[in-house]
Amino acid sequence: MERRHLAECGSTNTEALAHLRDGGGPLIVSADRQTAGRGRLGRAWRSDDASLTFSVARPMPAELDLSGLSLAVGCTVADVLDPAGERVRLKWPNDLFLDGAKLGGILIETVPLPSQQRGVVIGIGLNLQPLPPDADRSAFASGHAALRSLDPTATAATVLDCLAPALRALLADFETLGFGPWQLAFSRRDLAAGRRVRVGGQVGVARGVSTQGELLLDTDDGIALVSTGEVSLRLENVSP
Ligand code: BTN
């Protein structure tokens, strides 16, 4: 897979989408800084040299069901960073947590392509260094965790070198197998499992995910399936 590194860009996702739109093949593009980084739900995503910022791009069959892809990506990243499965958790549908605070996030975007193909871009932002002591922590509603607490020697380049082959393999597997094989892996890292959560206006107890990656929400009216669309999940303080 082609690798490209930029000192600065608006967003690595934008670069990757343009690359696929122009007929390009599989690509990993990383950047030291983004000036217009995007998060989910239209939020801005801050990234500078204290973070690892990159996107993986690949044309895929247009009919491929991408639900669950962000969970499979999360499992793959978590397994590379924390093979013992002790410290990195996943908050459905796209957040990585380390020791209870947000380590990073995943933003998947697509672009229509000719010949029944669709360009798929997986953008990943991970905090590399802890916040400086004088940083405004109110901007980090889910807390802030850094890769250096897992591995004090980690650099953006060394972490990306480990993640790139794992993500390349994941995309090939996902194309043929879909999300099913990652359902169990997700459940082992599921931060919300058994906890009371609020998601897309509904409240209930999180009971894992379906074979399509939908959240199983145990509500007063029974089990509701919540798809991995534009919704976010908030952990409620009250225990079930
Ligand atoms: C989220 O938690 O809301 C997802 C954040 C995803 C950020 C990454 S950084 C690399 C890529 N480029 C972007 O503009 N966004 C993603």
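Just to check I follow, could you spell out the overall build of the chain for this structure?
Helix and strand counts for the chain stand at four helices and twelve strands. Computed over its C-alpha atoms, the radius of gyration of the chain comes to 17 Å, within 12% of the 18 Å expected for a compact globule of 240 residues. In the chain, which comprises 240 residues, the proportion classed as buried is 48%. Counting only contacts in the chain whose residues sit at least 6 apart along the sequence, the fraction spanning at least 24 positions is 64%. Here the chain has roughly 11300 Å² of accessible surface; of this, 49% comes from carbon and sulfur atoms. Side chains of the chain give 24 positive and 28 negative charges; the mean places of these two sets differ by 3 Å.

Would you mind going over the sheet that holds strand β12 (residues 233–235) with me for this structure?
With respect to topology, five strands assemble into an open sheet ordered β11-β10-β9-β8-β12, the strand pairing being antiparallel. The sheet terminates laterally at β11 (222–226) and β12, the two strands that pair on one side only. Put simply, the sheet's adjacent strands are angled 45° from each other on average, direction ignored. Pairing of strand β9 (residues 202–209) with strand β10 (residues 215–219), which is carried by three bridges, proceeds in the antiparallel orientation. Bridging across to β10, A206 finds its partner in L217.

Sorry, what's going on with helix α2 (residues 69–81) here?
Every α-helix winds through 3.6 residues per turn, so residues three or four apart in the chain are directed the same way. Its 13 residues place the ends of α2 18 Å apart at the C-alpha level, agreeing with the 18 Å of an ideal helix rising 1.5 Å per residue. Across the 13 residues that make up α2, a large majority, eleven, are buried. If you check which residues of α2 are buried, you get L69, S70, L71, A72, V73, G74, C75, T76, V77, A78 and L81.

Whenever I open this one, the pattern of salt bridges confuses me. Can you help?
Going through the model one piece at a time under the given rule, you end up with 13 salt bridges. Here E2 and R4 are joined by a salt bridge, their closest N and O atoms 2.9 Å apart. When the shortest N-O distance is used, the salt bridge between R207 and D218 registers 3.1 Å. Of the two residues, R207 is situated in strand β9 and D218 in strand β10; the sequence distance between them amounts to eleven residues.

Can you walk me through the packing of aromatic side chains in this structure?
The geometry of an aromatic ring pair is captured by two quantities: the separation of the ring centres and the angle between the planes. On inspection of all chains with the given rule, the structure shows one aromatic pair. With 6.1 Å between their ring centres and 35° between their planes, F174 and W182 make a pair best called tilted. In this structure W182 comes out as buried when scored by relative accessible area, which is 12%.

Explain helix α1 (residues 12–21) to me, please; I cannot follow it from the model alone.
Among the residues making up α1, those that are buried are T12, N13, A16, L17, H19 and L20. Along the long axis of α1, the arc covered by the buried residues comes to 160°, so they all point the same way. G23, located one to two residues past α1, shows a positive phi value of around 95°.

Quick question: what am I supposed to make of the layout of surface pockets here?
Over the atoms, a rolling probe the size of a water molecule traces out where space has been left empty. Approximately 250 Å³ is the volume found for the second largest pocket. As for the second largest pocket, its lining consists of 16 residues, of which R40, S70, I108, T228 and G229 are closest to the centre. Ranked by the residues each element gives to the lining of the second largest pocket, the list is headed by strand β6 (residues 101–113), at five residues. Classifying every residue of the lining of the second largest pocket gives six nonpolar, seven polar and three charged.

Which parts of the structure should I look at to understand the sheet that holds strand β4 (residues 88–91)?
Remark on secondary structure: sheet strands pair via backbone hydrogen bonds, oriented parallel or antiparallel. Strand order across the open sheet formed by seven strands is β1-β2-β3-β7-β6-β5-β4, with mixed pairing between neighbours. For this open sheet the edge positions go to β1 (2–9) and β4, each flanked by a neighbour on one side alone. The sheet shows a mean angle of 20° between the axes of neighbouring strands, direction not considered. As paired elements, β1 and strand β2 (residues 27–34) share seven bridges and run parallel to each other. For E2, the partnering residue across the bridge sits in β2 and is L27. Contacting β4, β5 (95–98), β6 and β7 (117–127), α2 crosses the sheet at an angle of about 40° to β7.

Rules behind the numbers
- Residues numbered from 1 in each chain as written.
- Predicted model: local features only at pLDDT ≥ 70, side-chain atom pairs only at ≥ 80, totals over all residues.
- Heavy atoms only, no water.
- Helix = DSSP H or I, 4+ residues; strand = E, 2+ residues; numbered from the N terminus.
- Rg over C-alpha atoms; globule rule 2.2 N^0.38 Å.
- Buried < 20%, exposed > 50% of the residue type's maximum accessible area, 1.4 Å probe, protein only.
- Contact = heavy atoms within 4.5 Å.
- Areas by Shrake-Rupley, 256 points an atom, 1.4 Å probe, with all protein chains shown as cover.
- Lys, Arg positive; Asp, Glu negative; His and termini not counted.
- Charge placed at Lys NZ, Arg CZ, Asp CG, Glu CD.
- Pairing = 2+ DSSP bridges.
- Axes fitted to C-alpha atoms, helices over the stretch in contact; angles between N-to-C directions.
- Expected span 1.5 Å × (residues − 1).
- Salt bridge = Lys/Arg side-chain N within 4 Å of Asp/Glu carboxyl O.
- Phe/Tyr/Trp six-rings, centres within 6.5 Å; stacked < 30°, edge-to-face > 60°.
- Arc of directions from axis to C-beta.
- 1 Å grid on protein atoms, 1.4 Å probe; cavity = no way out; pocket = protein on both sides within 12 Å on 5 of 7 lines; lining within 4 Å.
- Points joined across faces, edges and corners; volume = space filled by probe spheres on them.
- Nonpolar A, V, L, I, M, F, W, Y, C, P; charged D, E, K, R; others polar.

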